[in-house]
Structures are given as structure tokens and as C-alpha cells.
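Breakdown of the fold
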Amino acid sequence: MPGFKDIIGHKREIEHLEKAISTGKVSHAYIFSGEKGTGKLTLANAFAMALQCTGEGEKPCGTCHSCHQAASGNHPDIIHITHEKPNSIGVDDVRDQLVGDVQIRPYNGKYKIYIMPDAEKMTVQAQNAILKTIEEPPEYAVIILLTDNEQGFLDTIRSRCVLIQLKPVPDEQVKKYLMEHVEIPDYQADICAAFAQGNIGKAERLATSEDFNAIKASAMKLIRKAGTMSISDIIEYVKEVQDYKISIQDYLDILALWYRDMVYFKATKDVNGIIFQDELRTIRETVKLCSYEGVEEVMQAIETAKTRLAANVNFDLTMELLFLVIKENIHG
Ligand SMILES: [Zn+2]
């Protein structure tokens, strides 16, 4: 489990947390907010490790007993809140693991730290249940709520937490990280970094996917053939993507990346800024078949499709609407 120094980006947020520790001004409640994969949990774990560290100097030292316990996920005073139902954190979950438990003093740490991933899934009752703990916490309690949507919290919760907002990490940093940590060629790192839009977790997911080349080839084939395929064939084709270990949303992001290249090339004629460097010929050819507005419209349709899928709109219908827009605007 990494300490602060192993985390990519988020420099200001880390400085804030380090200062809180060194000055003893640690808040009892935090919200770490940021898109999925921005590293909320990694940061929360590093913060917890640093808070509990008993070593000298820079924290977390990574070598003391407490750091070892934290790194192996076995620190008795760092508690990760889990939940029974996949889509909601109920009042029983928080009563058992937090509200009741927090009254028991730390086992051997200075703090007792609760980390709750997907905290926006708390029901209103669950939020009200933890409210009292957040209002009148024992001195040793630190509660860290992780979320990709802090608007999902009651105002009373939000107003009592320190908000740490995690922004996507710049592409260059993501690329550097991938080149150093995952052995992939330069152009693949470019694609993964652009695809992830600052989201290290997402970049790593694609970069380490054994299916990277197959996924990319599938997307390229679809882009080339969509014009002449029937909608039902396209839907069947896209369904096959689920054999790879990426989500349809991720797949759509790869398509969006391609169209971004097209807009970029159309606007600048500059080949250096192209992400799909190994597909320049296809880009040159496809660009002739569509208008600037047409590509913009396609990119907008991809975003809409992602939103629809997230809202559980019927898959076939969503794909049909998306590919109608693509067929209308890209004449293959
Ligand atoms: Zn330590």
C-alpha cells in the first residue's frame, strides 16, 4: 500500500493532509470527492497510514510496526466500511461498523480511522445515523467518506466535513507513470493516458489489459465498417466487447478518443497531436467522409449514450440511437 510519495498528482491535497498531521489539526470528518479511479481510496489509505505512523520524521515512514500493519491491510484501527447490498449502505451497516464501534477506544493506534468507499450510497437513515458521530466525535475518531458525487450527501453531513476534491491527473503524468510501472510501448501509453482523462486507475486498467490490442482492433473495425453495417449487426458486434474485461462505457470512451483525433486532425492537419498514431491513414480517409459538425455531433452522442447506460436505459435502444447518429454523420 503506497505512502504519499508514491501517489501520482494531487500535490496540493497531499500537502494539506500532511500539514494537518504535522500541526495536529486533523479534522474528524473528511469527504474525498473525485471521479472513479482518481485515487480516492489510495489517498485515504496513505492518509490513514500516515496518521497512525509511530516512526520518526516523514510520515508514513513505511517501516514502523504500524505502517507494516497498515500496508498489509491489518491495522486494527483502520476500518474499511463494507455493505451488504451492492447499491446501498444501510443504517445497519453504519451502526455495526461505525456508530457503535467508534465508542470503543483504539486498539493500539493514536486514531481510530473509518474509510467508507462509495459513501454516496448511504441511505438518508444511514447518513442521519452517522451524523451524531460526526457532530460529537470521540477525540480519536477520523471518518473519511469517499465519493464520486458529494451532492449525494445531506447538507448537514457536507457542512461538517473537510472536502478534499481530487481532480484528474494531467495526461503527461499519467503517461510517465504508465511507462514506468506498466511496460507498454510509447504509443500505447499515449492512448491509455488520453483515454483515462486523468484517471490513473482507468489508465492502468486499459494499459494492463491483455486484451488491449484486441479491444483497439475491435473499435477500429467498428469505426471503419459502421457505415455499411446494419444497426442490428452493430449491436451484436458491440455486445461481443463484453468478452473483454472492460465496460461498454470504457469501450465508448475509446471510440470517443478516435473521434477526438478526427476533430483535431480536421481542425489542425497536425499529425503529431494524434493519439492513434498507428492509424493515420484511416484518420485521413475517414476525415474526408464527414463534416466538422458531424464529428462533434457523434462525440456528443457518445456522451449521451454513456449517460443513458449509467441510468440503465435499455442497451439495444441506447446503441441504436448512438449508431444512427454515427451512420448519419460518417459516410463510409
Ligand atoms: Zn511508520
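See above for the structure.
Residues numbered from 1 in each chain as written. Predicted model: local features only at pLDDT ≥ 70, side-chain atom pairs only at ≥ 80, totals over all residues. Heavy atoms only, no water.

**A look at the layout of surface pockets**
As a volume, the largest pocket reaches approximately 520 Å³. The set of elements that each furnish at least two residues to the lining of the largest pocket consists of α2 (40-52), β4 (141-147) and α9 (200-207). Residues that form the lining of the largest pocket fall into these classes: 8 nonpolar, 7 polar and 9 charged. Estimated volume of the second largest pocket: approximately 420 Å³. Glu-35, Lys-36, Asp-148, Gln-249 and Ala-310 are the residues nearest the centre of the second largest pocket, which is lined by 14 residues in total. Contributing elements (two or more residues each) for the lining of the second largest pocket: α9, α12 (248-268) and α14 (292-310). The class makeup of the residues in the lining of the second largest pocket is 2 nonpolar, 4 polar and 8 charged. (1 Å grid on protein atoms, 1.4 Å probe; cavity = no way out; pocket = protein on both sides within 12 Å on 5 of 7 lines; lining within 4 Å. Points joined across faces, edges and corners; volume = space filled by probe spheres on them. Helix = DSSP H or I, 4+ residues; strand = E, 2+ residues; numbered from the N terminus. Nonpolar A, V, L, I, M, F, W, Y, C, P; charged D, E, K, R; others polar.)

**Concerning unusual backbone geometry**
Here Lys-59 and Pro-60 are connected by a cis peptide whose omega angle stands at 0 degrees. By secondary structure assignment, the location of Pro-60 is in the loop between α2 and α3 (65-71). The phi angle at Lys-269 is positive, at roughly 55 degrees, despite the residue not being glycine. Relative to the helices and strands, Lys-269 resides in the loop between α12 and α13 (280-287). Unlike most non-glycine residues, Asn-312 shows phi in positive territory, near 60 degrees. By the secondary structure assignment, Asn-312 is in the loop between α14 and α15 (315-329). We classify Asn-312 as exposed; its relative accessible area is 70%. (Buried < 20%, exposed > 50% of the residue type's maximum accessible area, 1.4 Å probe, protein only.)

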